[in-house]
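# Summary of the model geometry
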Amino acid sequence: MNIPSVFWLVPIASVCALGMAWHFFKQMMREEEGTPRMAEIAEYVRRGAMAYLKQQYRVVLIVFIVLALIFSFMAYVLHVQNPWVPFAFLTGGFFSGLAGFFGMKTATYASARTANAARHSMDRGLRVAFRSGAVMGLVVVGLGLLDIALWFIVLNAVYQGDAKMLIIITTTMLTFGMGASTQALFARVGGGIYTKAADVGADLVGKVEANIPEDDPRNPATIADNVGDNVGDVAGMGADLYESYCGSILSTAALGATAFAMNPDMQMRAVIAPMIIAAVGIFLSIFGIFLVRTKEGATMKDLLHSLGVGTNASAILIAVASFAILYLLGIENWMGVSFSVVTGLVAGVIIGQGTEYYTSHSYKPTQKIAESSQTGAATVIIKGIGTGMISTMIPVVTISVAILLSYLCANGFSLSMDSASMSHGLYGIGIAAVGMLSTLGITLATDAYGPIADNAGGNAEMSELEPEVRKRTDALDALGNTTAATGKGFAIGSAALTALALLASYVEEVKIAMERTVDAAGNFVSETYGAINPGEADMAKFMDYFQVNLMNPKVLVGAFIGGMAAFLFCGLTMGAVGRAAQSMVEEVRRQFREIKGILEGKGTPDYSRCVEISTRSAQQEMIFPSLLAIAIPIVVGVALGVAGVMGLLVGGLTAGFTLAVFMANSGGAWDNAKKMVEEGNFGGKGSACHKATIVGDTVGDPFKDTSGPSLNILIKLMSMVSIVMAGLTIACGM
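Note that residues are indexed from 1 along each chain, following the sequence as it is written. Reporting in this predicted model follows two pLDDT cut-offs: at least 70 for local features of residues, and 80 or more for side-chain atom pairs to be given and counted; totals over whole chains, interfaces and linings ignore these cut-offs and use all residues. Computation of side-chain values covers all heavy atoms of the structure but excludes hydrogens and water.

## Brief notes about the side chain of serine 314
Under the convention used in this document: Helix and strand assignments come from DSSP, with helices taken as H or I runs of at least 4 residues and strands as E runs of at least 2, each series counted from the N terminus. By the criterion applied in these results, polar contacts are pairs of N or O atoms within 3.5 Å in which, for protein atoms, one can donate a hydrogen and the other can accept it, and in which residues neighboring in sequence qualify only through two side-chain atoms. The criterion used for residue contact is that any of the two residues' heavy atoms lie within 4.5 Å.
Residue placement: serine 314 occurs in helix H9 (residues 300-329). A distance of 3.1 Å separates the side chain of serine 314 from the backbone oxygen of glycine 310, its partner in a polar contact. Each residue touching serine 314, except ones within four places of it in the same chain, is listed here: Leu284, Ser285, Gly288, Thr439 and Ile442.

Structure follows, in structure tokens:
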């Protein structure tokens, strides 16, 4: 089957995204870096960030080589896996790592330039920071679509003429998502441990014990803290959303190949539809980026409105464009499928707005947390945890409604559970995830903007720029805290929809694995479940065959393990931050004691020692939680079979999604409650209230920047590992 000519819009859009990213990068580099002191501080941060990333990539490379060898053994010796899997796995990890590298490189060059631009005006500072963040967004979508387009072209040529060509191609392409997921998890966990070890050390010893301002050059951990913002919130977030973006497109393509298997022409259109929507989304994201600007003296609401203009304009335009795209492609029930796309987009906006309400100090929940600081740190922590728990309602209800609506819109509002209805409905859920992520180019720009603004504020403080500049960078930084929290909510929401689509794709991968071992009559025979013809069975029959129902103890045990895995993973990563932070606190205290003149500004702290501690801690602590996330689905698959894996993925998705929202929102609210006090409320900087909110923020740091964000990768990684290991699960007797 020849590739339709409209498909070539996909590689063209990816090249345009990368071209615009290069343009914004060069535009940023033409800005002046400021005074020699500003350039010197930026260079410290740049060196530390690149040194960490190189060290992390060395560790990850070893893991990837080992896993690729295991996949090769499974493919070429055991013959339980597609022979393309090892290569797809490696390219997924490579492009994911590359996206994070380019984004972080840009961010480390942009911080001083943002601070210098803020010396002129708020609008100029915002534009430099935001367009530098846009480099991250455009690189992620550009590399993601390029990877998808290249694999589709190559595999289309290889499997040309095969009756099940598109099903084989899409399920094979899904496996490069495991490479992206694995890389993303290492980036998120390692970066999160790094940044929070430095942040906790800098806050607890510098701000609480020594009573010096944030980002003060006298604080030995301040450079490590600024480095950490880049490795955790730029490189980590970029790798995370790269994987969500690709996963949503590929899982939807795989579901489309299954839903329209009896109609080859419609099948091809359904496969390329999510790719075309994503391609058009790139052009509209670029348009939205140019709309972002603000005025001097802007309030927090003004700044949020400025970003909202760009993101909302892109979202509205892609919603309209989706109707045109699906109509012109001639997709069956194009109107209903278009509404599924709109459902995903609206869900993303609602989750973002809900997150903003619970984490921005422009609204009551965070204001109440700041107010509770008048009675000490304990009440700040209690109020923050309560707020985070309550905040889960909006995203959970929104995602639940989005799942039901997107399912019903795509299958013509049929409530029957026959094969056609289920397949079309699941395709609708997948394409809703594509809709939510279609404008990722600008959505991720608002997120990557946050650490750039944070570092700009640090640079202004350490360079001792005039108070007016620091006031502007503080405003940009507070905005960054809110956009980062919103971005995390968005990432978690997209992870839930993507993981659900991947759950359906897992059944297709199991089906293909079974077809490798059928008998002469085309039947797969199991001692446990009997015989079934996988070539003729639909999804409902597979569910019956493997007894995937709530009365099967394998499903229930799998669900419990999935829920436990989310909490175990959080506990391990929180513990890792705690141990790393202890080392950092001890080091900062040692330097204050032993290096004379630091607190008077006469001595120079040993910044490199703190960077070294964070780097070493992150490298050591990230390995076990990350490998555990890969091991759990394999062990469950071997021990409990397909039914156990389905339970695992459902349990992990429900517990992980809710827990991730709670942790991200609690952490964001604590952070902005501290910012509210620092603006002069309840006694301002240095007051007892300020110290109470710093303790709350310190507790929230690993919540929002390590454990919480890593959970959405855990959800998808367990799905991806299950898909890749489906052949092994079948071979072990299910």
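## Quick notes on the pattern of salt bridges
Test applied: What counts as a salt bridge is simple: a side-chain nitrogen of Lys or Arg found within 4 Å of a carboxyl oxygen of Asp or Glu. The rule is simple: take the accessible area with a 1.4 Å probe, protein chains only, and divide by the maximum for that residue type; under 20% is buried, over 50% is exposed, in between is partly exposed.
One pass over the full model with this rule turns up 25 salt bridges. In this structure, glutamate 43 engages arginine 46 in a salt bridge whose closest nitrogen and oxygen atoms are separated by 2.9 Å. Here glutamate 43 pairs with arginine 46, and both are found in helix H2 (residues 36-76), just three residues apart, close to one helical turn. A salt bridge links glutamate 587 to arginine 609; its shortest N-O distance comes to 3.9 Å. Placement of the pair is glutamate 587 in helix H18 (residues 553-594) and arginine 609 in helix H19 (residues 607-621), with a sequence separation of 22 residues. Take arginine 609: its relative accessible area is 28%, and that puts it in the partly exposed class. It is possible to trace a salt-bridge network through shared partners that takes in Lys196, Asp671, Lys674, Asp697, Asp701, Lys704 and Asp705.

## So, the environment of phenylalanine 339
Assignment of secondary structure puts phenylalanine 339 in helix H10 (residues 334-359). The exposure class assigned to phenylalanine 339 is partly exposed, which follows from its relative accessible area of 40%. Distance from phenylalanine 339 to alanine 432, taken between C-alpha atoms, is 8.5 Å for residues 93 residues apart in sequence. Those residues in contact with phenylalanine 339, other than ones at most four positions away along the chain, are Phe323 and Cys409.

## Observations regarding the packing of H2 against helix H15 (residues 440-462)
Rules: For helices, the fitted line uses only the C-alpha atoms of the stretch in contact; every axis is such a line through C-alpha atoms, and the angle between N-to-C directions lies from 0 to 180 degrees. Angles below 35 degrees are treated as roughly parallel, those above 145 as roughly antiparallel, those between 65 and 115 as roughly perpendicular, and all remaining angles as oblique. For any pair of crossing helices, the crossing counts as left-handed if the nearer helix is rotated counterclockwise from the farther one by less than a right angle, and right-handed if it is rotated clockwise.
The contact between H2 and H15 brings their axes to 9 Å, and the two run at 130°. Classified by the angle their axes make, H2 and H15 are oblique. Here H2 and H15 pass one another in a crossing that is right-handed. Contact with H2, carried on its side by Arg37, Met38, Ile41, Ala42 and Val45, involves Asn455, Asn459 and Met462 of H15 and no other residues of that element.

## What to know about helix H13 (residues 393-410)
Defined as follows: Expected helix span is taken as 1.5 Å per residue step, with the number of steps being one fewer than the number of residues.
If you check H13, its first and last C-alpha atoms are 26 Å apart, about what 18 residues at 1.5 Å a residue would give, namely 26 Å. Where H13 is concerned, the buried positions are Pro395, Thr398, Ile399, Ala402, Ser406, Tyr407, Leu408, Cys409 and Ala410. Of the residues flanking the end of H13, it is glycine 412, one or two places downstream, whose phi is positive at about 70°.

## Considerations on a nonpolar patch on the surface
To be explicit about the condition: Patches in this entry comprise residues that are over 30% relatively accessible and not in a salt bridge; like charges within 9 Å are linked, as are nonpolar side chains (Val, Leu, Ile, Met, Phe, Trp, Tyr) within 5 Å. Per-residue and other accessible areas follow the Shrake-Rupley method at a 1.4 Å probe size, with only the shown protein chains counted as cover for residues.
Taken together, the side chains of Phe73, Tyr76, Val77, Leu78 and Phe87 define a hydrophobic patch exposed on the protein surface, amounting to about 480 Å² of accessible area. Structurally, valine 77 can be placed in the loop between H2 and helix H3 (85-118).

## Digging into the packing of aromatic side chains
The line we're drawing: In this scheme Phe, Tyr and Trp rings, the latter by its six-membered ring, pair at centre separations within 6.5 Å, and the angle between planes marks the pair as stacked below 30 degrees, edge-to-face above 60, and tilted otherwise. Remark: a charge is flagged as sitting over a ring if the NZ atom of Lys or the CZ atom of Arg is within 6 Å of the ring centre and within 35 degrees of the ring normal.
Under the definition given, this model contains 23 aromatic pairs. Ring plane angle 65° and centroid distance 5.1 Å describe the contact between tyrosine 327 and tryptophan 334, whose orientation is recorded as edge-to-face. Judged by its relative accessible area of 52%, tyrosine 327 falls in the exposed class. Judged by relative accessible area, tryptophan 334 falls into the partly exposed class, the value being 28%. Centroid distance tyrosine 529 to phenylalanine 546: 5.6 Å. Interplanar angle 75°. Geometry classified as edge-to-face. A residue pair is termed long-range when its members are at least 10 positions apart, and tyrosine 529 in the loop between strand S1 (524-526) and strand S2 (530-532) and phenylalanine 546 in the loop between helix H17 (539-545) and H18 qualify at 17 residues. Considered together, tyrosine 529 and phenylalanine 546 belong to a single accessibility category, that of buried residues. Ring pairing ties together the aromatic residues Tyr529, Phe542, Tyr545 and Phe546, which thus form one cluster. When the ring centre of tyrosine 109 is taken as origin, the NZ or CZ atom of arginine 46, which lies over that ring, is 4.1 Å away.

## Section: unusual backbone geometry
Even without glycine at this site, asparagine 333 takes up a positive phi of about 55°. Among the structural elements, asparagine 333 can be located in the loop between H9 and H10. Taking relative accessible area as the criterion, asparagine 333 reaches 32% and is therefore assigned partly exposed. You will see that phenylalanine 682, though not glycine, has its phi angle at about 55°, which is positive.

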